[in-house]
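Here is what each chain is made of, one letter per residue.
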Amino acid sequence: MCPVTGFFLVTRGRGGPMLCHLCASTITLCILWITMAQVSGQEDKEKTTALKDLLSRIDLDELMKKDEPPFTFPKTLEEFEYAFDEDGQLRHIKTGERFVFNAREDLHRWNQKRYEALGEIITQYVYKLLEEKCKLRKEVIPVDASDGEPTSFIYMSSDALTNPSKLLILIQGSGVVRAGQWARRLIINQDLNSGTQIPFIERAMEDGYGVMVLNPNENFFEVEKPAKISPIPSPTEPSDEPAEKRERKDNKEGKKKKEFYEKYRNPQKETETERIPIRGSASSEEHVLYVWDYFVSKALAKNVFIVAHSYGGLSFVELMNQREIQVKNKVCAVALTDSSHNIWLQDTSKGTQDWMHQCCQNWVSSPEPLDTPLDSMLPDCPRFSAGTERHELTSWISFKSIFKFFSEALKAKEDEEQEENSNTVTTRSSSHKNKHQDL
């Protein structure tokens with residue numbers, strides 16, 4: 001009898017118990033299935049091994065690389081197919097959409113170069129607006145530049161040097177922004193009003209100011225470097241460097257080169273340039289000082305007003321350090337917007353700090369409502385909220401508050417002068433009366 005099924009038709013397994021034909025058949029099938037599975041598993045394993053071997057011979061990183069497009073971009077807004085609409089917003093001519101940075105996916109360097117090319121066009125566009133819309137004229141500096149010498153320039157209204165009453169000076173922050181701009185990003189992604197100084201220029205002219213627009217970031221002239229011919233090292237000349245140090249250096253340079261070129265199969269080579277400093281404008285601080293000495297100090301205006309954004313505030317404080325007495329005598333009020341100055345690091349005098357506390361205000365990025373007084377971290381000028389947490393927007397959002405501050409400062413100065421004149425007249429009258437009585 002089969003011990004499994006209880007059937008009587010049995011067969012004796014080799015060295016095992018008596019089994020029925022059904023159990024014997026089942027066991028046979030199981031053995032066959034296991035054998036086939038083992039054979040199939042062996043084949044799959046061999047196939048997997050072969051596939052891994054094949055993949056190991058393929059450079060997947062190389063396959064993922066792209067041929068980087070050449071850095072050739074349009075030269076005008078029309079060729080870029082963009083234009084500023086009636087609201088001063090940059091829009092695509094065909095789709096009406098805003099500017100798109102990622103024109104090509106996974107090509108960040110190319111997209112950045114394209115953005116920079118558009119930025120250069122924007123700079124020329126703003127220059128054109130300053131000249132045609134605002135009627136400003138360009139003044140080349142240095143004023144005594146020789147032929148072929150690198151030069152920069154500023155913009156001035158026709159009455160900047162002759163206006164007897166008021167002169168407004170505009171100083172932007174550091175970076176790629178040039179004369180007439182607060183922030184390139186705002187011009188491209190928001191509008192002309194927020195990103196350029198044009199609203200300040202137009203308002204100043206309406207209020208009877210002369211205007212001077214500085215250009216503190218035009219610091220050097222770039223010329224293309226000639227191609228270098230790499231000398232062939234002599235194989236017989238031994239290096240003075242230890243072998244281990246030389247190997248580490250080679251590995252470091254190789255890694256740096258690999259990281260730079262790993263994204264592209266045929267990366268574009270950038271032109272190497274040499275920078276020649278512009279005399280009198282090699283830095284923002286030097287530029288502001290030069291313009292003061294050759295233009296502002298010679299202007300007839302009794303009351304000079306300054307708007308300085310970000311690093312422009314630092315440049316103004318440096319001007320105070322260099323021309324303290326002149327600035328105090330000529331400047332009526334200074335509006336700083338998110339200024340990066342530091343009176344301690346810049347080693348300002350106690351007299352400068354006291355004057356700044358009285359004649360300057362700094363509108364800083366803050367979540368508080370516009371014009372909310374804020375605690376001053378340094379003993380210099382009072383700080384107020386610019387009504388925005390975006391650094392680049394502080395000048396535009398504070399626009400109305402700045403001109404209100406200027407008007408109040410001018411009125412206070414005129415009232416003070418009138419009171420002084422009145423006291424002087426009274427004193428003279430009393431003196432004359434006493435003298436008459438003596439006679």
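Above this text sits the structure in question.
Residues numbered from 1 in each chain as written. Predicted model: local features only at pLDDT ≥ 70, side-chain atom pairs only at ≥ 80, totals over all residues. Heavy atoms only, no water.

Participant: Describe the sheet that holds strand S15 (residues 383-385), listing the residues and the values that go with them.
Facilitator: Reading across the sheet, the nine strands line up as S5-S6-S8-S7-S11-S12-S13-S15-S14 and stay open at both edges, with mixed pairing between neighbours. Every interior strand has two partners, whereas the edge strands, strand S5 (137-141) and strand S14 (373-374), have only one. When S5 meets strand S6 (residues 152-156), the two strands line up antiparallel, connected through five bridges. From the neighbouring strand, Val140 faces S6, where its bridge partner is Phe153. Running at roughly 155° to strand S8 (residues 209-213), helix H7 (residues 198-206) makes contact with strand S7 (166-171), S8 and strand S11 (303-309) of the sheet. Most of the contacts of helix H10 (residues 311-322) go to S11, to which it runs at about 135°, and overall it touches S7, S11, strand S12 (331-337) and strand S13 (360-364). (Pairing = 2+ DSSP bridges. Helix = DSSP H or I, 4+ residues; strand = E, 2+ residues; numbered from the N terminus. Contact = heavy atoms within 4.5 Å. Axes fitted to C-alpha atoms, helices over the stretch in contact; angles between N-to-C directions.)

Participant: For the pairing of S12, give the residues involved together with the corresponding values.
Facilitator: Within S12, seven of the seven residues are buried, which leaves it mostly tucked inside the rest of the structure. As judged from the six bridges shared by S11 and S12, these two strands associate in the parallel manner. Opposite His309, over in S12, you have Thr337 as the bridge partner. As defined by bridge partners, S12 adjoins S13 across four bridges and the pair is classed as parallel. Residue pairing for S13: Val334 is matched across the bridge by Cys360. (Buried < 20%, exposed > 50% of the residue type's maximum accessible area, 1.4 Å probe, protein only.)

Participant: How would you explain the environment of Glu224 if you had to name every residue and give the values?
Facilitator: Mapped onto the secondary structure, Glu224 falls in strand S9 (residues 220-224). With a relative accessible area of 61%, Glu224 lands in the exposed category. The residues touching Glu224, leaving out its near neighbours within four places in the chain, are Thr271, Glu272 and Thr273.

Participant: Any details on unusual backbone geometry? Residues and values, ideally.
Facilitator: Geometrically, the link from Ile141 to Pro142 is a cis peptide bond, its omega value of 0° lying close to zero. Here Pro142 lies in the loop between S5 and S6. Residue Lys135 is not a glycine yet carries a positive backbone phi of 60°. The topology assignment puts Lys135 in the loop between helix H4 (108-132) and S5. Of note in this structure, Ser310 is not a glycine but carries a positive phi near 55°. Mapped onto the secondary structure, Ser310 falls in the loop between S11 and H10. For Ser310, a relative accessible area of 13% corresponds to the buried category.

Participant: Quick one: what's the story with the packing of aromatic side chains, residue by residue and with numbers?
Facilitator: Applying the stated rule across the entire model yields 22 aromatic pairs. Summarising the aromatic geometry, the rings of Trp396 and Phe399 are spaced 5.6 Å apart at their centres and angled 35° between planes, so their arrangement reads as tilted. Owing to a relative accessible area of 12%, Phe399 belongs among the buried residues under this scheme. Three or more aromatic residues link up through ring pairs in this structure, and these residues are Trp182, Phe200, Tyr209, Phe305, Trp363, Phe384, Trp396, Phe399, Phe403, Phe405 and Phe406. (Phe/Tyr/Trp six-rings, centres within 6.5 Å; stacked < 30°, edge-to-face > 60°.)

Participant: Before we move on, can you summarise the nonpolar core with the specific residues and values?
Facilitator: Counting 51 residues, the largest nonpolar core has Leu168, Val307 and Phe406 as the members making the most contacts within it. Counting residues per element, this core draws most heavily on H4, at 10 residues. Ile154, Ala160, Met212 and Tyr290 belong to the second-largest nonpolar core, a separate cluster that totals 35 residues. (Core = buried A, V, L, I, M, F, W, Y, C linked by side-chain atoms within 4.5 Å.)

Participant: Explain the layout of surface pockets to me, using residue names and the numbers behind them.
Facilitator: A probe matching the size of a water molecule, rolled over the atoms, marks out where space remains unfilled. Of the pockets and cavities examined, the largest pocket occupies roughly 1,400 Å³. Lining the largest pocket are 39 residues, with Glu116, Glu120, Arg178, Arg184 and Glu222 positioned closest to its centre. Secondary-structure elements contributing two or more residues to the lining of the largest pocket are H4, S6, S9 and strand S10 (273-277). Partitioning the lining of the largest pocket into residue classes produces 13 nonpolar, 13 polar and 13 charged. Two domains each put at least three residues into the lining of the largest pocket: domain 1 (71-133) and domain 2 (137-222 + 277-421). (1 Å grid on protein atoms, 1.4 Å probe; cavity = no way out; pocket = protein on both sides within 12 Å on 5 of 7 lines; lining within 4 Å. Points joined across faces, edges and corners; volume = space filled by probe spheres on them. Nonpolar A, V, L, I, M, F, W, Y, C, P; charged D, E, K, R; others polar. Domains from an automatic or database assignment.)

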